[in-house]
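Here is what each chain is made of, one letter per residue.
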Amino acid sequence: LFREANRIGISLPNLRWEWHFMGSADEGLLGWLRRRVETDLAELEETLSEQPFLTGETLSVVDIAHAGYMWFADQAKVDLAAYPNISAWLKRIEATPGWEHPYALMAKEREG
């Protein structure tokens, strides 16, 4: 969980914020965030090359925490297709009974 809070949880959401919500940012900042995202995803990709989930054979809170912003990677202009182990891991999470995309959950909350 510390890796998520200090790596993926900083790099990907901030890159998403700058691209998706701000529309532009300082090129130096974008470059720094992009490099950090690439490093973070490479580490995650390597971990997932050895096991189906981050702590081993079963889904855990560690997976849910790390995956939180992955559903919005396209909004950060990050193509997860370049990371086949991460893509497969996300599909395993999506296959979990009861899983719903965050946007679907937010829509339900607005309806309720």
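All figures in this text were calculated on a predicted structure; none of them were measured in a lab. All residue numbers refer to position in the chain's written sequence, counted from 1. Local features in this predicted model are restricted to residues whose pLDDT is 70 or higher, and side-chain atom pairs enter the listing and the counts only when it is 80 or higher, whereas totals over whole chains, interfaces and linings include all residues. Derived side-chain values reflect all non-hydrogen atoms in the structure, with water molecules and hydrogen atoms excluded from consideration.

## Considerations on the packing of aromatic side chains
Here is step 1: Here a Phe, Tyr or Trp ring, Trp counted by its six-membered ring, pairs with any other such ring whose centre lies within 6.5 Å, and the pair is stacked when the planes are under 30 degrees apart, edge-to-face when over 60, and tilted otherwise. Enumeration according to the criterion identifies two aromatic pairs in this entry.
Here is step 2: Here the aromatic rings of Trp-17 and Phe-21 are separated by 5.1 Å at their centres, their planes lie at 35°, and the arrangement is tilted. You can see Trp-17 and its partner Phe-21 sitting in helix H1 (residues 2-22), four residues apart, about one turn around the helix.
Here is step 3: The class for Trp-17 is partly exposed, based on a relative accessible area of 42%.
Here is step 4: Relative accessibility thresholds used throughout: buried, under 20% of the residue-type maximum; exposed, over 50%; partly exposed, between the two (1.4 Å probe, protein chains only). When its relative accessible area of 44% is taken as the criterion, Phe-21 is described as partly exposed.
Here is step 5: Consider the rings of Trp-71 and Trp-99, whose centres lie 4.9 Å apart with planes at 55°: the pair is tilted. One end of the pair, Trp-71, is in the loop between helix H3 (61-67) and helix H4 (84-94); the other, Trp-99, is in the loop between H4 and helix H5 (102-111), with 28 residues separating them in the sequence.
Here is step 6: Charge-over-ring contacts are defined here by two conditions on Lys NZ or Arg CZ: a distance within 6 Å of the ring centre and an angle within 35 degrees of the ring normal. Stacked on the ring of Trp-19, the Lys or Arg Lys-77 has its end atom at 3.7 Å from the ring centre. Strands are runs of DSSP state E lasting at least two residues, helices are runs of H or I lasting at least four, and both sets are numbered from the N terminus onward.

## Regarding the nonpolar core
Here is step 1: For our purposes a nonpolar core is just a set of buried Ala, Val, Leu, Ile, Met, Phe, Trp, Tyr and Cys residues, chained together by side-chain atoms within 4.5 Å. Residues Leu-41, Met-70, Val-78, Leu-80, Ile-86, Trp-89 and Leu-90 are the most contacted members of the largest nonpolar core, which totals 25 residues.
Here is step 2: Going through the elements one at a time, H1, helix H2 (27-48), H3 and H4 are the ones with two or more residues in this core.
Here is step 3: If one sorts the elements of this core by residue count, H2 sits on top with six residues.
Here is step 4: Look past the residues within four positions of Met-70 in its chain and what remains in contact with it is Ile-8, Leu-12, Leu-41, Leu-44, Leu-80, Trp-89 and Leu-90. We call two residues in contact whenever any of their non-hydrogen atoms come within 4.5 Å of each other.

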